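For reference, the chains in residue letters:
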Amino acid sequence: MKRRNVLGMAAGLSIGAVAVPGQAEAATGEQLSNYASHVTDARSITVTSATGQRLKITAYGNQIVRVRAIRSGETFFADTRYEMVVPANHAGMGGTLSVTDSGTALTIVTGAADGIRVVLQKNPLRLEFYHRGTGALLAKEDATRSITWGGTNNSVITEAFVPPPADEHFVKAGHGFFGRSPRIDRTGDVVAHNYGSVRGDQAPAIVPLYLSTMGYGVFFNTTFDATFSFASGTARDYAFSADDHGTAGVRPQMDYFLINGPEFAKLLDRYTQLTGRPRLPQLAIFGLHMTDKNFPDVSDENWWRTKITQHRNAGFPFDHHVNDNRWRSGTGAWGGSWFEFSSVRWPDPAGYQAWAADNGVTVTLDYNRNNSNLMAGWVGGPPPGYSFKAADLTGVADNGSVPDWSNPATRAWVWNVFWSKALNPALHYPGDGLWLDEPDELGPIPFNADTANGRKWSELRNAYFFYLHKGVGEEGWDPQTAGHIGTAKRPWTWSRGASAGQQRYGHYWTGDIASTYSEMQQQIRGMQVGGLGGFPFSNIDGGGFLGGTGGLISEPFYRNWTAAWSSVSPIWRPHSGASTTSQGAIASRWPLDQSAVIQADFRKYGELRYTLLPYIYSIAHEAAATGMPMARAMVVDYQTRPNAYSHDLQYMWGPSLLVAPVTSDGGATQNVWLPAGATWYNLWADIKHVGTDSADLPYVTHTGEVILFVKAGAILPKYQYAQSTAYLNKRHLEMEVYAGADGTFNLVEDDGVTEAHRVSGAKSVTTLTYTDAATRITVGHPQGTYTGAPATRRYVVRLHGLTAPVGMRVNGGATLPSFTTEATAVTSGGGTVWDAARNVLSVVTPAIATVVGGGVAATIEPSGSAFPAATGGTAYQAERATLSGAAIDTRHPDYTGTGFVDFADASASGAYVQWTVNVPAAGTRTLTFRYANGGTANRPLAIAVNGATVNGALAFNPTGSWSTWSTTSFTASLPAGSQVTVRATTTGANGANIDSLTVG
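Residues numbered from 1 in each chain as written. Predicted model: local features only at pLDDT ≥ 70, side-chain atom pairs only at ≥ 80, totals over all residues. Heavy atoms only, no water.

**Overview of the overall build of the protein**
Under the convention used in this document: Here a strand is any run of E in DSSP of at least two residues, a helix any run of H or I of at least four, and the numbering for each starts at the N terminus. Buried residues are those whose accessible area, probed at 1.4 Å on protein chains only, stays under 20% of the maximum for their type, while exposed residues exceed 50% and partly exposed ones sit between those limits. The criterion used for residue contact is that any of the two residues' heavy atoms lie within 4.5 Å. Here the Shrake-Rupley method, with its probe set to 1.4 Å, supplies the accessible areas, and only the displayed protein chains count as covering residues. The convention is simple: Lys and Arg are positive, Asp and Glu are negative, and His and the chain ends are not counted. Just so you know, the charge point we use is NZ for Lys, CZ for Arg, CG for Asp and CD for Glu.
Within the protein, the regular secondary structure consists of 17 helices and 63 strands. Referenced to the eigenvectors of the C-alpha coordinate spread, the extents of the protein come out at roughly 100 × 65 × 50 Å. Considering the protein as a whole, with its 1000 residues, one finds that 61% of them fall into the buried category. Of all intrachain contacts in the protein linking residues separated by at least 6 positions in sequence, the fraction that spans at least 24 positions is 71%. Counting every atom, the protein has about 31500 Å² of accessible surface; 52% of that belongs to carbon and sulfur. With 74 positive and 79 negative side-chain charges, the protein shows a spacing of 3 Å between the two charge centroids.

**Thoughts on the nonpolar core**
Stated formally: Note on terminology: a nonpolar core comprises buried Ala, Val, Leu, Ile, Met, Phe, Trp, Tyr and Cys residues joined through side-chain atoms within 4.5 Å.
F286, F339, F418 and W653 are the most contacted members of the largest nonpolar core, which has 144 residues in total. Beyond its immediate sequence surroundings of up to four residues, F286 is in contact with L280, P281, F537, P570, I571, R609, L613, I616, Y617, A620 and M630. Counting 89 residues, the second largest nonpolar core, distinct from the first, contains A69, I147, F240 and A500.

**Some points on the side chain of E736**
Spelled out, the test is: Two N or O atoms form a polar contact when they lie within 3.5 Å of each other; inside protein one atom must be a possible hydrogen donor and the other a possible acceptor, and for residues adjacent in sequence the pair counts only when both atoms belong to side chains.
With respect to the helices and strands, E736 occurs in strand β41 (residues 732–738). The exposure class assigned to E736 is buried, which follows from its relative accessible area of 7%. There is a polar contact of 3.2 Å between the side chain of E736 and the side chain of K718. Filtering out sequence-adjacent residues up to four positions away, E736 remains in contact with A714, I715, L716, K718, R798 and H800.

**Topic: helix α6 (residues 408–423)**
What sets the pattern is the α-helix's 3.6 residues per turn: residues three or four places apart point alike. For α6, the full list of buried residues reads T410, R411, W413, V414, W415, V417, F418, W419, A422 and L423. Each element contacted by the buried residues of α6 is listed here: β24 (337–341), β25 (362–368), β26 (433–437) and α8 (464–477). Its side-chain oxygen placed 3.0 Å from the backbone nitrogen of A409, N407 serves as the N-cap of α6.

**A word on the sheet that holds strand β1 (residues 30–31)**
Whether parallel or antiparallel, the strands of a sheet pair through hydrogen bonds between backbone atoms. Here is the rule we go by: Here, any two strands with at least 2 DSSP bridges between them count as paired.
One open sheet holds the six strands; their spatial order is β1-β11-β12-β19-β18-β14, and the pairing between them is antiparallel. Both outer strands of the open sheet, β1 and β14 (190–191), are each paired with one neighbouring strand and no more. Pairing of β14 with strand β18 (residues 225–230) involves two bridges; the strand directions are antiparallel. Bridge pairing in β18 links V190 to S229.

**Structural notes on the packing of aromatic side chains**
In plain terms, the rule: Two rings belonging to Phe, Tyr or Trp (six-membered ring only in the last case) form a pair when the distance between their centres is within 6.5 Å. Interplanar angles under 30 degrees mark stacking, angles over 60 mark edge-to-face geometry, and anything in between is tilted. Cation placement over rings: the criterion is NZ of Lys or CZ of Arg within 6 Å of the ring centroid and within 35° of the ring normal.
Within this structure, the stated rule accounts for 70 aromatic pairs. With centroids separated by 5.0 Å and ring planes inclined at 65°, the aromatic side chains of Y681 and Y738 adopt a geometry described as edge-to-face. One end of the pair, Y681, is in strand β36 (residues 679–682); the other, Y738, is in strand β41, and 57 residues separate them in sequence. Residue classification places Y681 among the buried positions, given a relative accessible area of 0%. With centroids separated by 5.9 Å and ring planes inclined at 55°, the aromatic side chains of Y895 and F900 adopt a geometry described as tilted. Comparing Y895 with F900 shows no difference in burial state: the two are buried. One aromatic cluster in this structure is built from F129, F161, F170, Y210, F220, F228, F230, Y238, F240 and Y256. Sitting above the plane of the Y60 ring, R43 keeps its charged end 4.9 Å from the centroid. K604 extends its terminal NZ or CZ atom over the ring of W684, reaching a point 4.7 Å from the ring centre.

**Observations concerning the pattern of salt bridges**
Going by this rule: The term salt bridge refers to a pairing of a side-chain nitrogen on Lys or Arg with a carboxyl oxygen on Asp or Glu at a separation within 4 Å.
Inspection of every chain in the model, using the stated rule, returns 55 salt bridges. With its nearest N and O atoms 2.6 Å apart, the salt bridge here joins E519 to R180. With E519 in helix α9 (residues 517–531) and R180 in the loop between β13 (170–172) and β14, this residue pair connects regions lying 339 residues apart in the sequence. With a shortest N-O distance of 2.7 Å, R496 and D440 are connected by a salt bridge. On the criterion of sequence distance, the pair formed by R496 in strand β27 (residues 492–496) and D440 in the loop between β26 and α7 (457–460) is long-range, its members being 56 residues apart. Judged by its relative accessible area of 1%, D440 is buried. What emerges from the salt-bridge pattern is a single network uniting R199, D437, D440, E441, R496 and D512.

**Comments concerning the sheet that holds β26**
The cut-off we apply is this: To obtain an axis, a line is fitted to C-alpha atoms, over the contacting stretch when the element is a helix, and the angle between two such axes runs from 0 to 180 degrees between their N-to-C directions.
One open sheet accounts for six strands, arranged β21-β22-β25-β26-β27-β29; its pairing is parallel. Looking along the sheet, the strands with just one partner apiece sit at the ends: β21 (289–291) and β29 (507–509). Neighbour to neighbour, the strand axes of the sheet diverge by 25° on average, direction disregarded. Judged from the three bridges that link them, β21 and strand β22 (residues 320–322) form a sheet pairing that is parallel. If you follow T291 over to β22, its bridge partner there is V322. Across the sheet, α6 lies against β25 and β26, angled at about 135° from β26, the strand it touches most.

**Focus: the packing of α6 against α8**
So the rule is basically this: Oblique is the label for any angle not under 35 degrees, not over 145, and not in the 65 to 115 range, which are roughly parallel, roughly antiparallel and roughly perpendicular in turn. Put simply, a crossing is left-handed when the front helix is turned counterclockwise from the back one by less than a right angle, and right-handed when it is turned clockwise. All amino acids are sorted into three groups, where Ala, Val, Leu, Ile, Met, Phe, Trp, Tyr, Cys and Pro are nonpolar, Asp, Glu, Lys and Arg are charged, and the leftover types, Gly among them, are polar.
At a minimum axis separation of 9 Å, α6 and α8 run at an interaxial angle of 55°. Taken together, α6 and α8 sit at an angle that is classed as oblique. The handedness of the crossing between α6 and α8 is right-handed. Each of R411, W415, F418 and L423 in α6 lies in contact with α8, whose residues at this interface are Y467, K470, G471, V472, E475, G476 and W477. Looking at the contact of α6 with α8 residue by residue, the class counts come to six nonpolar, two polar and three charged.

**Overview of the pairing of strand β5 (residues 64–70)**
It is a general feature of regular strands that their side chains alternate between the two faces of the sheet. Among the seven residues of β5, seven are classified as buried, and the element is accordingly described as predominantly covered. Judged from the six bridges that link them, strand β4 (residues 54–59) and β5 form a sheet pairing that is antiparallel. When the bridges of β5 are listed, R54 appears paired with I70. Two successive antiparallel strands, β4 and β5, enclose a turn made up of four residues, where G61 displays a positive phi of approximately 70°. Relative to strand β20 (residues 254–260), β5 runs antiparallel, the two sharing six bridges. Residue pairing for β20: R68 is matched across the bridge by D255.

**Focus on the pairing of strand β19 (residues 238–243)**
In terms of burial, β19 is a largely internal element, five of the six residues being buried. Note that strand β12 (residues 156–161) and β19 share six bridges and pair antiparallel. Counterpart to F161 in the pairing with β19 is Y238.

**Some words on α8**
Under the convention used in this document: Expected helix span is given by 1.5 Å per residue-to-residue step, counting one fewer step than there are residues. In this scheme, the bend at a residue equals the angle between the axes fitted to the seven residues that finish there and the seven that begin there.
Taking 1.5 Å of rise per residue, 14 residues should cover 20 Å, and α8 covers 19 Å from first to last C-alpha, within 8% of that figure. Along α8, the sharpest kink reaches roughly 35°, centred on K470. Burial runs high along α8: twelve of the 14 residues are buried. Those residues of α8 that sit buried are Y464, F465, F466, Y467, L468, H469, K470, G471, V472, G473, G476 and W477.

**Quick look at the confidence of the model for the protein**
Inclusion rule: For every residue, the predictor assigns a confidence score, pLDDT, that lies between 0 and 100.
Across the protein, pLDDT averages 95, with 96% of residues at or above 70. A low-confidence stretch, residues 1–27 stays under pLDDT 50, and its non-local contacts, those more than four residues away or across chains, total 82 contacts.

**Observations regarding the side chain of S996**
Secondary-structure assignment places S996 in strand β63 (residues 993–999). According to the relative accessible area criterion, S996 is buried, its value standing at 4%. If sequence neighbours within four positions are ignored, S996 has contacts with Y876, Q877, A878, T896, W915, T928, F929 and R930.

**Looking at the environment of K763**
Residue placement: K763 occurs in the loop between α16 (756–759) and β43 (764–771). Separated by 648 residues in the primary sequence, K763 and G115 place their C-alpha atoms 33 Å from one another. Beyond its immediate chain neighbours, meaning those up to four positions away, K763 contacts H621, V748, E749, D750, H757, Q783, G784, T785 and Y786.

**Brief notes about the environment of D742**
Among the structural elements, D742 can be located in the loop between β41 and β42 (743–749). D742 sits in the exposed class, given a relative accessible area of 54%. Between the C-alpha atom of D742 and that of G471, which follows or precedes it by 271 residues, the distance is 47 Å.

Dropping the structure here:
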């Protein structure tokens, strides 16, 4: 059968240095011999060779077959020996196999017409895999290339296929130490992603899965060290093997799952069905995380309150507080402290949690492996202790504190500590996430060391992370019984390193990485291949952990990585090891400690990310449901395009956004591939480019600008900017729509905290559709609902790429009026705004009731009438004004713009908000202030124009609540000019919350 591949390109990467059993060994090692007999059942066929070997092929559904082989006298491992595959799936995925015997071969097919066909040649026993529908060959063995037992005492098991054709390319999921990957296309490489051997080997993602451009994937079901060879054309260089390093006891067995696609998206879906769907974190986890690592001598619970409040007051977002060491009892340092709130630095954790809940803050608590022996109830040594034999730990740092996570008692112990010291809701302590630090530096344990589950370290080590997460997730957090959290709150657990299957419990981060551009490039690729291995919520130290001279990073570097790239990666968590104690405020990753230029960038990217949270959270839901990465390597969407395999420093952020982080200081030319078949908009400038596969776009970079393109037909749902995910106003939904193609997007929303979305389907899906020829946007009513779903919604649609404005209507009504600014359209109950500089037409609808169960909520389309003349004056947002004695806030919904201004509670006289406005011609103008006053008394402000008082006590009377907005206005004579100042100043009492000033 002809081997077919639509990707026409040649391999061109050098082979790595890791050894794989080769042709010479194949000649001397034991291979499958000739056929003797076979037996079948509904799902499996077991073939026995003339020398007593056995080969078993089992269907897992219609698109996956499992292949196992053992030597004479051996017994197949139990299905549950390796828990990377969800244990229930061994029976639960079902499937059927049909077997036909032709005399010389057995033909085995799965139940689906587009499934898998396996041909097993009999003499000798050799496997061939085909796509059943098209007949395309996927992979095959031959006389000399097959399953082989070799190495010392048969310590190595290998599956070797015939050399791949030159145009077959391979993508290996997972990555090496520190989250690094040298490239996405591993054709020509030998790749081994295993647990480290020496201290310092941090954060591998051990995922024995690879994908082929032929449209299949292979998952190697072993926790022994695995090596994959994807070399091109030599005698035996397409193979994968497992090695027990000559340890005593059982030998590795050949056990792999061949997964049919042919699309990569389907492969990832089927892989994560097999090994478990990624665990969806709380909505807050997709907001900004900050840590106290840079403040090792001053950070305590009051420091956190102050630091968060200062940043919020300056307009920055903040969601997730990540504790490093200082919260813990004992020294509060890396060593000598343990998992328990310090009575000195955290005397009132319940009080802090109350404050955090009121202020939209969630909290991670860290656990360091090296302090385990200081924690309550620790028992050293092997069972009944929680560790290993002392003799096996002599080479390990902090060797009195090495938990054996394969021991159920060890896992129960650590969960009990987490529960009793922090996570028990009865304590009312903070605790939404667990940072499981340093389980990755036990490489010096001998391969032959015994573990609690009866295996050798050579077999356990690649599952070490998995067992830790199983203990914290499945056995610890999840049970709906006393002593556990259950479905009331989703966990956010992350370790330094990952094992396949761990994604169904928790996640990982990439360790103490360097702060260099070359490291940044490796992390960009590592993020993508981690996502291809079932870990879509990539978690990387923003800006790197180990800085340059003195541990510091430059301003351009901070702007390009910490602010720009990190904001469009799955988890935004700036973090480093530099200390402000010895190096000053510049050592901090917190934006308010940096220059004004950095602060401006950080606020820009904070607003970008937080407004895009409906889009981001929807693609996170897709990741949890299907295994589709949030940050998609270009090969996922463009599997058949050669450019996708060479352009691995750019990626798709969901289906519509193309991201190319700037990995130099700026000013250089960076080539960007905009795939053919689409028009692409520069997000920052609304300039359109026609995609092409024949040439890259030379893009002149700017410091602090991540390169972002939007595909024509995209619909990007947005919320108004808020400084915490807890403050997001779901009654107000915005959409950025890019003309030039039809498009659709499914907006997924839920309560953001509980597991109700997973256990009872409590979520809503709102379908957004754009029809380009008609310039029509259709917003569906939600399918499904959840606690806190909005009963009404206002929609704001911004149409990009129009050549001229047109009159618009909603649900067949009259042509909407036109206004100068969106804020005026919102406060007027609906309207349109034309931005001539960017060719963007905004349409604001009135509030529309939502009806659960489908149907159309809003049809927004041209009315057939001319675009009306704009009225309503010009609105100027308070949060963009100059402030003194006042702070930016977003806690109360239904403001316009990106927030409002709250006068400090202690202010009496002299605090102010000052706008700079444009007055084309001198004359009498109406000044209208939009505000909220939830108090019981008038809060007058003095109004001055260019420093001269024009109203000494303008009334700002009570509005009934801080979420009820009203206006107050008066007329004043304004001079002409583009720099006219209007100042509102407190006069003996706190001011109201100010949303905007409109100059009529």
